[in-house]
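Chain by chain, the residues run as shown.
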Amino acid sequence: MKALITGITGQDGSYLAEFLIAKGYRVYGVVRRSSTEKYDRIAHIRDRLVLVQADLLDQVSLSQALKEIQPDEIYNLGAQSFVPTSWAQPVLTAEFTGTGVTRMLEAIRSDCPQARFYQASSSEMFGMVRETPQNEKTPFYPRSPYGVAKVYGHHITVNYRESYRLFAVSGILFNHESPRRGLEFVTRKITDAVARIKLGLADELKLGNLDAKRDWGFAGDYVKAMWMMLQQDKPQDYVISTGIAHSVREFAEIAFGFVGLDYKKYVKLDSELLRPAEVDHLLGDSSKARSELGWRPEVGFREMIEMMVEADLQRYSYGKLMDENRYSETKTKALSS
Ligand code: NAP
Ligand code: F7E
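Residue numbers here run from 1 along each chain, matching the order of that chain's written sequence. Here the convention is simple: chains get letters from A, ligands get numbers from 1, in the order in which they are written. For this predicted model, a pLDDT threshold of at least 70 governs which residues receive local features, and a threshold of 80 or more governs which side-chain atom pairs are given and counted, while totals over whole chains, interfaces and linings are taken from all residues. Only hydrogens and water are set aside; all other atoms, that is, all heavy atoms of the structure, feed into the side-chain values.

### Some words on helix H6 (residues 186–198)
Short version of the rule: Put simply, DSSP H or I for four residues or longer makes a helix, DSSP E for two residues or longer makes a strand, and each gets a number counted from the N terminus. Under the convention used throughout, the expected extent of a helix is 1.5 Å for every residue step, that is, one less than its residue count. For every residue, the accessible area (1.4 Å probe, protein chains only) is compared with the maximum for its type, and the residue is labelled buried under 20%, exposed over 50%, or partly exposed between those bounds.
Over its 13 residues, H6 extends 18 Å from the first C-alpha to the last, a length consistent with the 18 Å expected when each residue adds 1.5 Å. Of the residues making up H6, those classed as buried are Thr 187, Arg 188, Ile 190, Thr 191, Asp 192, Ala 193, Val 194, Ala 195 and Ile 197.

### Quick word on helix H5 (residues 145–164)
Selection criterion: In this description, contact between two residues means that some pair of their heavy atoms is separated by no more than 4.5 Å.
Relative to the 28 Å expected for 20 residues at 1.5 Å per residue, H5 spans 28 Å between its end C-alpha atoms, a close match to the ideal helical length. Elements that come into contact with the buried residues of H5 comprise helix H3 (83–88), helix H4 (90–111), strand E5 (116–122) and strand E6 (167–173). Arg 165 occupies a position one or two residues after H5 and carries a positive phi of about 60°.

### Side note on the domain arrangement of the chain
So the rule is basically this: What fixes the domain bounds is an automatic or database domain assignment. Defined in terms of a 1.4 Å probe, buried area is the accessible area two parts forfeit on being brought together, summed over both.
Its domain assignment divides the chain into domain 1 (2–177 + 216–240) and domain 2 (186–214 + 245–277 + 301–336). For domain 1 versus domain 2, the distance between C-alpha centres works out to 30 Å. Each side of the interface is counted separately: domain 1 has ten residues, and domain 2 has 14 residues. Between domain 1 and domain 2, a total of about 1100 Å² is buried, with carbon and sulfur atoms accounting for 71% of that surface. Its largest share of buried area at the contact with domain 2, domain 1 owes to Trp 87, Glu 177 and Trp 216, together 61% of the area lost on that side.

### Here we look at the site of ligand 1
Let me state the cut-off plainly: The nearness test applies per residue and asks whether one of its heavy atoms lies within 4 Å of the molecule or strand. Within 3.5 Å is the distance limit for a polar contact, defined as a pair of N or O atoms, with the added protein rule that one can donate a hydrogen and the other accept it, and that residues adjacent in sequence qualify only through two side-chain atoms. Areas reported as accessible are Shrake-Rupley estimates using a 1.4 Å probe. Residue values count occlusion only from the protein chains shown. Following the grouping adopted for this structure description, the nonpolar residues are Ala, Val, Leu, Ile, Met, Phe, Trp, Tyr, Cys and Pro, the charged ones are Asp, Glu, Lys and Arg, and the polar ones are all others, Gly among them.
Among the 23 residues in the neighbourhood of ligand 1, the closest are listed as Thr 9, Asp 12, Arg 32, Ser 81 and Tyr 146. A distance of 3.0 Å is found between an oxygen atom of ligand 1 and a backbone nitrogen or oxygen belonging to Gln 11. Lys 150 places a polar side-chain atom, nitrogen or oxygen, 2.9 Å from an oxygen atom of ligand 1. Its free accessible area being 910 Å², ligand 1 has 89% of it covered by the protein chains. Taken together, the elements giving at least two residues each to the shell around ligand 1 come down to helix H1 (11–22), E5 and H5. No other element matches the three residues that E5 contributes to the shell around ligand 1. Its residues assigned to classes, the shell around ligand 1 shows eight nonpolar, ten polar and five charged.

### Here's the deal with the packing of helix H2 (residues 59–69) against H4
Where we set the bar: The axes are straight lines fitted to the C-alpha atoms, using for helices just the contacting stretch, and the angles between their N-to-C directions are given from 0 to 180°. We call two directions roughly parallel when the angle between them is under 35 degrees, roughly antiparallel when it is over 145, roughly perpendicular when it lies between 65 and 115, and oblique otherwise. Each crossing gets its hand from how the near helix is turned against the far one by less than a right angle, where anticlockwise is left-handed and clockwise is right-handed.
In the contact formed by H2 and H4, the axes pass within 9 Å of each other and the chain directions differ by 40°. Considering their axes alone, H2 and H4 lie oblique with respect to each other. As for the relative orientation of H2 and H4, their crossing is right-handed in sense. Of H4, the residues touching H2 (which contributes Gln 59, Leu 62, Ser 63, Leu 66 and Lys 67) are Arg 103, Met 104, Glu 106, Ala 107, Ile 108, Ser 110 and Asp 111.

### Considerations on the environment of Ala 17
If you trace the backbone, Ala 17 turns up in helix H1. Sequence separation of Ala 17 and Leu 49 is 32 residues, and the distance between their C-alpha atoms is 8.1 Å. Excluding residues that lie within four positions of it along the chain, Ala 17 makes contacts with Ile 5, Ile 8, Val 27, Ile 45 and Leu 49.

### Some thoughts on the packing of aromatic side chains
Put simply, the test is: The criterion for an aromatic pair is that two Phe, Tyr or Trp rings (for Trp, the six-membered ring) have centres within 6.5 Å, with stacked assigned to planes under 30 degrees apart, edge-to-face to planes over 60 apart and tilted to the rest. Note on geometry: a ring has a charge over it if NZ (lysine) or CZ (arginine) is within 6 Å of the ring centre and within 35 degrees of the ring normal.
Evaluated as defined, the whole model comprises twelve aromatic pairs. Arranged with centres 5.7 Å apart and planes meeting at 75°, the rings of Tyr 15 and Phe 218 form a pair that is edge-to-face. Of this pair, Tyr 15 sits in helix H1 while Phe 218 sits in strand E10 (residues 217–218); the two residues are 203 residues apart in sequence, bridging distant segments of the chain. Judged by its relative accessible area of 11%, Tyr 15 falls in the buried class. The interplanar angle of 90° and the centroid separation of 5.4 Å between the aromatic rings of Tyr 222 and Trp 295 together place this pair among those described as edge-to-face. Of this pair, Tyr 222 sits in helix H7 (residues 219–230) while Trp 295 is found in the loop between helix H9 (287–293) and helix H10 (301–336), placing the two residues 73 residues apart along the sequence. Accessibility expressed as a relative area gives 0% for Tyr 222, which makes it buried. Relative accessible area serves as the criterion here: at 2%, Trp 295 is assigned to the buried category. One aromatic cluster is present, formed by Phe 126, Phe 140 and Phe 174 through successive ring pairs. The cationic tip of Arg 109 hangs over the ring face of Tyr 164; the distance from NZ or CZ to the ring centre is 4.1 Å. Stacked on the ring of Tyr 316, the Lys or Arg Arg 315 has its end atom at 4.6 Å from the ring centre.

See the structure below:
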């Protein structure tokens, strides 16, 4: 089996690639051209992947990739995925995160219509929620240009499934995190700061809305659900979530508490980090995925936070050790010269 992943250099792309390689897939990853390579998250599997240059903004490059590879499965994870940036760059977000989905679907329609397609939809589409918990039938009310672009991507996927009989599904995934989460997202921003504060490299952490609540799961669990959706007889959309919501404050309390610190002493509120329109409380109902796919989350909230703090501590301790070694090397050289 051949799978093609857009967004392979991102958090989810790296976990999904690992998962598919372990299942015996030949994995192709779409990367966009850059003057420097940013492949840190896939460095450990780099020799088991085939990377192809293409861009969600460029129809020709997508068509060419699909024509040559003829993948059995396509996972469209590529996007501008950071919500605050979507206010600063709304048009670019619409192009990457919204219209990019149509480009990919058009490439499939013309160059490999038999391929099964997964679209990375998001709980951000529920925004100002119409009901709690949210399921596949809950109406959307996005609260950011990112959320609006994802609603477009979701509906165009459904539309191409119904118009052209493509095997196209949309996974409505609630927030999922890991040690590979980008540093600007709140969970990783917190665990990274906890490690720096614990090691004496920082003394405060600036945050915005501590009362926002999210249904947070572990990314490694969520990529399995993507694959499961493409193994079904019929293409359908599924909500993926843990069914438990926590506030940003609770996340911080556990992360700081894990290293014996009190978050109240270090967290400072910064009104610059508040959003023009907030999503206050998301809580997913994934009962359809649990009964039809047999999916369920394995890693719990506290366990995931501890895993993230430990990884950040290790990263900084290693960096610190390297610095100390470099320092003592320089000192030795200075003394001996
Ligand atoms: P991420 O870490 O931000 O990764 C995004 C990926 O998209 C990166 O590999 C990036 O490549 C790529 N990309 C950006 N613009 C592109 C373009 N024009 N052409 C091709 N690739 C492009 O995101 P993630 O957390 O793994 O999320 C994966 C997908 O799931 C995204 O679509 C996101 O919106 C969606 N989602 C995420 C969550 C979550 O909680 N993580 C929840 C629901 C949905 P570069 O490395 O070159 O920047
Ligand atoms: O914010 C609050 C912030 O940026 C979570 C993306 O993967 O999940 C993600 O979107 C909450 C918000 O994620 C800070 O106001 C407080 O209420 O970690 P986040 P997100 O916006 O929920 C969805 C499902 C996606 O699809 C997206 O791609 O935390 N918050 N203080 C803060 N957030 C950030 N980033 N930084 C702060 O300092």
